[in-house]
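# Structural description and commentary
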Amino acid sequence: MAQRKGCLIGCGVALVLGVGLLVAVVFGMGKVLDMADKTLVDPTVYASVKTGDAESEVRGRLPSGDSFVKAALKEGGPAEPEGSTCSWYLSSGDTKNGKETVLRFCFKDGKLAEKTEYPMQ
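Residues numbered from 1 in each chain as written. Predicted model: local features only at pLDDT ≥ 70, side-chain atom pairs only at ≥ 80, totals over all residues. Heavy atoms only, no water.

This paragraph deals with the overall build of the protein. For the protein, the helix and strand inventory stands at 4 helices and 4 strands. Within the protein, the proportion of its 121 residues that are buried is 25%. (Helix = DSSP H or I, 4+ residues; strand = E, 2+ residues; numbered from the N terminus. Buried < 20%, exposed > 50% of the residue type's maximum accessible area, 1.4 Å probe, protein only.)

This brings us to the pattern of salt bridges. If charged atoms from side chains of opposite charge come close, those side chains can pair. Enumeration over the complete set of coordinates arrives at 3 salt bridges. Across the pair Glu-117 and Lys-96 runs a salt bridge whose closest N-O atoms are separated by 3.5 Å. Of this pair, Glu-117 sits in strand S4 (residues 111-119) while Lys-96 sits in the loop between strand S2 (85-91) and strand S3 (101-108), and the two are 21 residues apart along the sequence. Assessed through its relative accessible area of 39%, Glu-117 is described here as partly exposed. Lys-96 gets classed as partly exposed once you look at its relative accessible area, which sits at 49%. Ionic pairing is found between Arg-104 and Glu-114, a salt bridge with its closest N-O pair at 2.4 Å. Pair noted here: Arg-104 is in strand S3 and Glu-114 is in strand S4, with a separation of 10 residues, a long-range link. Exposure remark for Arg-104: the relative accessible area of 1% places this residue in the buried category. (Salt bridge = Lys/Arg side-chain N within 4 Å of Asp/Glu carboxyl O.)

Bringing the nonpolar core into the picture now. Membership of the largest hydrophobic core is limited to 11 residues, which are Val-41, Val-45, Tyr-46, Val-49, Val-58, Leu-62, Tyr-89, Leu-103, Phe-105, Phe-107 and Leu-112. Sorting the residues of this core by element identifies helix H2 (43-48) and S3 as the ones contributing at least two each. With 3 residues, the single largest contributor to this core is S3. Excluding its chain neighbours within four sequence positions, the residues that come into contact with Leu-62 are Val-41, Val-45, Tyr-89 and Phe-105. If you look at the next biggest cluster of nonpolar residues, it comprises 8 residues, including Cys-86, Trp-88, Val-102 and Tyr-118. (Core = buried A, V, L, I, M, F, W, Y, C linked by side-chain atoms within 4.5 Å. Contact = heavy atoms within 4.5 Å.)

This part takes up unusual backbone geometry. Positive phi values are uncommon outside glycine, yet Asn-97 reaches one of about 55 degrees. For Asn-97, the location among the structural elements is in the loop between S2 and S3. Residue classification places Asn-97 among the exposed positions, given a relative accessible area of 83%.

Turning our eyes to something else, we now look at the sheet that holds S2. One key point about sheets: their strands pair by backbone hydrogen bonds, in either a parallel or an antiparallel sense. With mixed pairing, the 4 strands of this open sheet are ordered in space as S1-S2-S3-S4. Looking at which strands have only one partner, the edges of the open sheet turn out to be strand S1 (40-41) and S4. Bridge analysis of S1 against S2 gives 2 bridges, and the strand direction is parallel. When the bridges of S2 are listed, Leu-40 appears paired with Leu-90. (Pairing = 2+ DSSP bridges.)

In this description, an aromatic ring pair is defined by two values, namely the gap between the centres and the angle between the planes. Scanning the entire structure with this criterion turns up 2 aromatic pairs. Arranged with centres 5.8 Å apart and planes meeting at 70 degrees, the rings of Tyr-89 and Phe-105 form a pair that is edge-to-face. One end of the pair, Tyr-89, is in strand S2; the other, Phe-105, is in strand S3, and 16 residues separate them in sequence. Residues Tyr-89 and Phe-105 agree in their burial class; the two are buried. An aromatic cluster is built from Tyr-46, Tyr-89 and Phe-105, whose rings are joined through pairwise contacts. When the ring centre of Tyr-46 is taken as reference, the NZ or CZ atom of Lys-115 above it lies at 4.5 Å. (Phe/Tyr/Trp six-rings, centres within 6.5 Å; stacked < 30°, edge-to-face > 60°. Lys NZ or Arg CZ within 6 Å of the ring centre and 35° of its normal.)

Shown next as structure tokens:
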């Protein structure tokens, strides 16, 4: 009888751990999909906007960019232009040399002041 109780307890613990792992995986996938929705930009969008374009027009073509990976995207990039506000995204295009491409858009005085692409560190 004690053996059966031990098995039931062990099975119960395994079930709870399994459900917890499943919840963590689903939560993690949700975060990854959320990141993709907010940070991926098609390379054709990057190519189509030009320095001097209105900030509202350019931002209207970009996702929100609000993501938990923003700090990682900033790493390894060139210095931000002084007095500008920048947004970072990942290119949805192919990787280059096995690295994702970061697309940075910097705005100043209501216009696109600079756009830059560089490999993610």
